[in-house]
Amino acid sequence: MTPLALASLVAARRQTRKSNQKRVHLCAVAEKEKTATERPVYPFSAIVGQSEMKLSLILNVIDPKIGGVMIMGDRGTGKTTTIRALVDLLPEIPCVSDDPYNSSPEEEEVMSQEVRDRKASGEDLPLKYKKVPMIDLPLGATEDRVCGTIDIEKALTQGKKAFEPGLLAKANRGILYVDEVNLLDDHLVDVLLDSAAGGWNTVEREGISIRHPAKFILVGSGNPEEGELRPQLLDRFGMHALIRTERDPELRVKIVESTRDFADDPVGFREKYVDDNQEFATQILEAQIASAKDVKTDGEIARKISQVCSELNIDGLRGDIVTNRAARAYCSFDGRTEVTEEDVGKVITLCLRHRLRKDVLDTMDGGDKVEKVFRAVFET
């Protein structure tokens, strides 16, 4: 996908979409008014290049069951900026105001047990709207800081389950970002992946067990020069985006000038991109609504996806499942209801390149190998 592909996709949708005032109103909160104390966020639509990273993040927001994104690339390429910019696009979410897990008042799968019990008893739950949480996990975080801790003394002396929620609780219904994930302890990466896949976090200490919702999009980033994740951990990330430092001098100048303009006048800079940001937000929300129920994949396309995975000798079925989900999300993002071979071609490299078996004698890039097999299978 070229750097202009996402912008072109949005522009095409803008011309063909019929107006829907209710949805546009819902998405208008994407360009929220900034308070005097709130730090301005760089506009998503102003980010130049890095189309793989942007597309992977968008598709995971549309369908979180894709399984997160692993972003590998050079330092200083805007990874954190892009993630914060995407979160800033999203509408605020309704939460039970006195619940520490950002519980939804309606969706049981992201509702804590306490809120479920209160709702079952007929209690009128107090609500407030929050920004979609984005939680940064520090490299030196302990397991207790990530998962939460139980106050054993209070539990034994007072008979109460005193639980201090960790980062997984705060990330529920949001995005958990781990920079330098390849330097994180493997057992912590396991905990994060288990929670992201299952949607729940369980803390057990001295025979006491606490369970709470932890449904989030896991985004990891790292520099391949500092080491790779173990293959069995890497395989559990839904998508893998490879980003590189921009080499085109004109684009580099454009990035430098945009960064300078934003630093000099953040509010004025954001105003230039209000319409484009709202268009992105509307498009993402419409895709979220449509992806789960309207988009269909023809049986022959699904068979060819599995054939590609088979010919690449990919272990397990995660590659098949994620590629099908990502193709549906991309189709929905484009405003259609029938997955095409072109949709699969846009996402299959992102879904499969990190699942290939390593061969020290193979000189071909993993992404190139996926594209070669994809063309051989789908063009016959």
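This structure is a prediction, so every number in the text was calculated from the model and none was measured. (Residues numbered from 1 in each chain as written. Predicted model: local features only at pLDDT ≥ 70, side-chain atom pairs only at ≥ 80, totals over all residues. Heavy atoms only, no water.)

J.: For this particular structure, what's the right way to read the overall build of the protein?
T.: For the protein, the helix and strand inventory stands at 17 helices and 11 strands. Here the protein, with 380 residues, has 48% of them falling under the buried criterion. Across the protein, the fraction of contacts at a sequence separation of at least 24, relative to all contacts at a separation of at least 6, is 77%. Summed over all atoms, the accessible surface of the protein reaches about 19000 Å², with 49% contributed by carbon and sulfur. (Helix = DSSP H or I, 4+ residues; strand = E, 2+ residues; numbered from the N terminus. Buried < 20%, exposed > 50% of the residue type's maximum accessible area, 1.4 Å probe, protein only. Contact = heavy atoms within 4.5 Å. Areas by Shrake-Rupley, 256 points an atom, 1.4 Å probe, with all protein chains shown as cover.)

J.: Would you mind showing me how to read the nonpolar core here?
T.: A general feature of soluble globular proteins is that nonpolar side chains tend to end up buried together. Within the largest apolar cluster, 65 residues are counted, with the highest numbers of intra-cluster contacts made by Leu59, Ile284, Val344 and Leu352. Ignoring any residue separated from it by four or fewer positions in sequence, one finds Leu59 in contact with Ile66, Met239, Ala326, Ala329, Tyr330 and Val347. Listed in part, the 33 residues of the second largest apolar core include Cys147, Phe163, Ala169 and Val189. (Core = buried A, V, L, I, M, F, W, Y, C linked by side-chain atoms within 4.5 Å.)

J.: What am I meant to see in the pairing of strand β10 (residues 217–222) here?
T.: As a general feature of sheets, a regular strand has side chains that alternate between the two faces. Where burial is concerned, most of β10 is hidden: six out of the six residues are buried. Pairing of strand β1 (residues 69–73) with β10, which is carried by four bridges, proceeds in the parallel orientation. Looking across to β10, one finds that Val69 is bridged to Val219. Where strand β7 (residues 175–178) lies against β10, four bridges are found, and the strand directions are parallel. By the bridge assignment, Leu176 is partnered in β10 with Leu218. (Pairing = 2+ DSSP bridges.)

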